[in-house]
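Each chain, letter by letter, is given below.
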Amino acid sequence: MNDLVQVHLLGPVRATRGDHELDLGSPTQRALFAALATRPGTTLSRQELINAVWGPNPPITVESSIYTYVARLRRTFEPKRPRRAPSGLLVADANGYLLQLDARKIDVQVFEKHLEDVRELQRSGPWPEAVKRLEAALALWRGPAFGGAVGPLADTERIRLDELRVTAIEDRAQLLLEADRATEIISDLSSLVRTHPMRERLHHLLMVAHYRCGRRADALKQFHSVRRLLIRELGIEPGEDLRRCHDQILNGTLRSPAPAPDSPVTLSSPDNALPPAFAPPPAQLPRDIPGFTGRLRELERLEGFVTAADRLDEAGLILISGAPGVGKSALALRFARSLTERFDGGQLHLDLRGFSNTAQPMMPAEALDHLLAGLGSTPKPSEDLQVRSSRYRSLVAGKRILIVLDNARSAEQVRPLLPGDPSCLVLVTSRNRLSGLTTRDGALRMTLDLMPKEDAATLVRHVIRQANGYAEHPLVHRLCQVGDHLPIALRIAAERMTSRFHGGLTSVGQTPPGREDLLESQDVECDEQSSMRSVFSSSYLALPNDAAEMFRLMSLHEGPTFDLTTAAVTADVDVHRARQSVDYLLSGHLLRITPDNRLRFHDGMLRAYAKDRAVAEMPYQTRRAAVSRFLGHYVRTADIALRLLYPGRCPVIPPLPAPQGVPRPRFECPEQARNWLETELPNLTVAARQAQAYGVSHAKERLPPLIQNFLHTRPEAHTSVPANSPRPEGPPSM
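Since the structure is predicted, the reported quantities are computational estimates derived from the model, not experimental observations. (Residues numbered from 1 in each chain as written. Predicted model: local features only at pLDDT ≥ 70, side-chain atom pairs only at ≥ 80, totals over all residues. Heavy atoms only, no water.)

Most of helix H23 (residues 564-571) is tucked away, with seven of its eight residues classed as buried. Residues of H23 that are buried include every one of Leu-564, Thr-566, Ala-567, Ala-568, Val-569, Thr-570 and Ala-571, and no others. At its buried positions, H23 is contacted by helix H22 (545-554), helix H24 (575-587), strand S15 (599-601) and helix H26 (620-645). A positive phi of about 60° marks Asp-572, the residue just after H23. (Buried < 20%, exposed > 50% of the residue type's maximum accessible area, 1.4 Å probe, protein only. Helix = DSSP H or I, 4+ residues; strand = E, 2+ residues; numbered from the N terminus. Contact = heavy atoms within 4.5 Å.)

Structure follows, in structure tokens:
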């Protein structure tokens, strides 16, 4: 079975048999095995192994360690070998040990054989075959060589092999430059010059590649970058080749690539069309939204992101996240249009359909097909995702291209669409936080909030003016309140008013639409983009069942804010499950955290939509039971707090029991109890009214006295809450 064994040294040291990975043990044991694998079929003496693995100062027990490691490796590779039978893989003789394995099974040996063949081909063979061999050699790498192995040999081989790898990349780049295929090498070279900044040949090749792609400024920028580095680090000027290349680029005399021998016509363009480098730059940004208002602070911050990325020569990736309807796409588009002159390579735009009521989110492969088509490259159905992504990165490498990925659902949907080169800028918008893009891919995130009052009023006036009308200030103010400063709601509210009243809008006799009216409002042609219900439902339908239920249930809590315990009680789940659901709602910007670490709906329109879903999808008894649960929680906790604060003044009534899975409220001191009562007083006041409306007897009878007892103890005078106070939103729907 040894003919099935494969040894991998170009990356973490591994050995496999078929699809099964073999356990090579500790780093020292791996180093001993790797030493044998560097010279398969050759006996290595014990002293050679000691020098390779332990160096000049081995431990006293080194001889026994070698014996132990060899025995363990034999058991790993030949588990069924009889105890005293000779090994067919790790063979011992009087001089030492040898690995009896075909060199073609060891990736280092295959890698070096490819390089030997390339040297022979470069002297006399066709260049496409040389490129093919170099690519086969480089494809063997899986990370830094001899990973996980220790000792002098591993350190030496790691340096030697990395030098061979970089030289192979340089040789491949040279061959492709001679074949006029510069666009294919810019991404690899741009990455390598960052990890090997002192290799002048890399910089030379990258300068030529930029020039061949028509980016003379980038070529000159590359020269000045390496010149500054060499002067700063070594106190020397660039070598003659680099200086000559710089002068030829300045003078426009850098020679055109010579035709490569045996070069087929289709190498530069598989479709016999113009190469992508010479295609017209894409200009896919959609029409800007008229009347874009405000967001000056956000635009300045986005500009700061781009400036910082340019200064650090990093790949720009900006994520704009926020609640549905808050204006993420409009802001991204407005900012993108301000950058078009700086990204002369073109602009790509793609709606990823992350939140749509009519289509599934776009898969990465489909998205890459759209992007490749925009770059003038015909998509190939036979290519897998990795091949598509690599071709896309090659096409955008070194170009100043702005890429807007709108309406993303997840980081996994976006990641294959990210260029590998810092010359591009990517703007992503999403209703979700997409934390993976910030933690793994280094995205700079900006969370878009509701509009400030002044900007909201300006937007409303603009929509009304578009309809040849005007509005008095009080009515504009009321429209802003109804729309809760949410841009899409403000536009719909203003449009709805102007469609009712042509001409002037005064505050006399004209009532703005309510939030329920805006949810029902939809364009006569049934345009989903103008429907608040449609905008919100695309986020709602994407929620897991538990999170969707929490979304509906918490709309029944009519207080301004709530905490996690209240959410758990309302949903009748333990705190852990409640936290999971709340995290989904926070990630999708359906809930938000207040400065004092409490929870609330992102805006009034979302609360109205959640209440609408609760009434439509949950029977009245289910809703009443949920209300009864959080009312009971408030009665129970307020009672405990007041008993701690004023033990002699509270009536002798047994406290309500806590529901299963929710801990009984505890206060460590009277001050903590007082703080809870102060924080929850707005909720307790609303809860007393809800108890009357829903007919929840235990809360209807006990909440008003509890509130009155607390209010009477405060220094300032307060009006008591009568037991028959009306509900703020009318009777509950049946």
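Moving on to helix H7 (residues 186-195). Considered for burial, the residues of H7 that qualify are Ile-186, Ser-187, Leu-189, Ser-190, Leu-192 and Val-193. Buried-residue contacts for H7 involve helix H6 (152-178), helix H8 (200-212), helix H9 (216-234) and helix H14 (385-396).

Attention now goes to the sheet that holds strand S3 (residues 20-22). Across the sheet, which stays open at both edges, the three strands sit in the order S1-S2-S3 with antiparallel pairing between neighbours. The sheet terminates laterally at strand S1 (5-8) and S3, the two strands that pair on one side only. Ignoring which end each strand starts from, the neighbouring axes of this sheet average 30° apart. (Pairing = 2+ DSSP bridges. Axes fitted to C-alpha atoms, helices over the stretch in contact; angles between N-to-C directions.)

Here we take up the side chain of His-246. By the element assignment, His-246 lies in helix H10 (residues 240-251). For His-246, a relative accessible area of 11% translates into the label buried. Not counting chain neighbours up to four residues away, the residues in contact with His-246 comprise Met-207, Leu-220, Phe-223 and His-224.

Our focus in this paragraph is the environment of Val-582. Tracing the backbone through its elements, the reader meets Val-582 in helix H24. For the pair Val-582 and Ala-567, spaced 15 residues apart in sequence, the C-alpha to C-alpha distance is 8.3 Å. Dropping the residues within four chain positions of it, Val-582 is found in contact with Leu-564, Ala-567, Leu-591 and Leu-599.

An order of S8-S9-S10-S7-S11 is seen for the five strands of this open sheet, with the pairing classed as parallel. Looking at the sheet topology across the chains shown, the edges are occupied by strand S8 (346-351) and strand S11 (444-448). Each neighbouring strand pair of the sheet contributes to a mean axis angle of 15°, computed without reference to strand direction. Two strands pair when backbone bridges link them, and S8 and strand S9 (residues 401-408) are joined in this way by six bridges, in the parallel orientation. Paired with Leu-348 across the bridge in S9 is Ile-403. Across the sheet, helix H12 (residues 328-338) is in contact with strand S7 (316-322), S9, strand S10 (425-430) and S11; its angle to S10 comes to roughly 165°.

Time to look at a nonpolar patch on the surface. Taken together, the side chains of Met-198, Leu-234 and Ile-236 define a hydrophobic patch exposed on the protein surface, amounting to about 260 Å² of accessible area. What makes Ile-236 partly exposed here is its relative accessible area of 39%. (Patch = residues over 30% accessible without salt bridge, like charges linked within 9 Å, V, L, I, M, F, W, Y side chains within 5 Å. Areas by Shrake-Rupley, 256 points an atom, 1.4 Å probe, with all protein chains shown as cover. Salt bridge = Lys/Arg side-chain N within 4 Å of Asp/Glu carboxyl O.)

Our next topic: the packing of helix H27 (residues 670-694) against helix H28 (residues 697-713). The description of two helices packed together rests on the angle between their axes and the distance between the axes. Viewed as axis vectors pointing N to C, H27 and H28 meet at an angle of 145°, and their least axial separation amounts to 9 Å. As H27 runs across H28, the sense of the crossing is left-handed. Within the contact between the two elements, H27 uses Arg-674, Leu-677, Glu-678, Leu-681, Leu-684, Thr-685, Ala-687, Ala-688, Ala-691 and Gln-692 and H28 uses Ala-699, Lys-700, Leu-703, Pro-704, Ile-707, Phe-710 and Leu-711. Taken together, the residues that form the contact of H27 with H28 break down as twelve nonpolar, two polar and three charged. (Left-handed = near helix turned anticlockwise from the far one by under 90°. Nonpolar A, V, L, I, M, F, W, Y, C, P; charged D, E, K, R; others polar.)

In this section: the side chain of Asp-406. Position of Asp-406 among the secondary structure elements: in strand S9. Buried within the structure, Asp-406 lacks any salt-bridge partner; Lys-328 is the closest side chain of opposite charge, at an N-O distance of 7.4 Å. Side-chain polar atoms of Asp-406 contact the side chain of Thr-429, separated by 2.3 Å. Discounting residues that sit within four places of it in the chain, Asp-406 has contacts with Ser-329, His-349, Leu-350, Asp-351, Leu-352, Arg-353 and Thr-429. (Lys, Arg positive; Asp, Glu negative; His and termini not counted. Polar contact = N/O pair within 3.5 Å; in protein donor to acceptor, adjacent residues only side chain to side chain.)

Across the interface, H6 lies against H7 with an axial gap of 11 Å and an inter-helix angle of 145°. Between H6 and H7 the crossing geometry is left-handed. Of H7, the residues touching H6 (which contributes Arg-165, Val-166, Ile-169, Arg-172 and Ala-173) are Asp-188, Leu-189 and Leu-192. Grouping the amino acids of the contact of H6 with H7 by side-chain chemistry returns five nonpolar, no polar and three charged.

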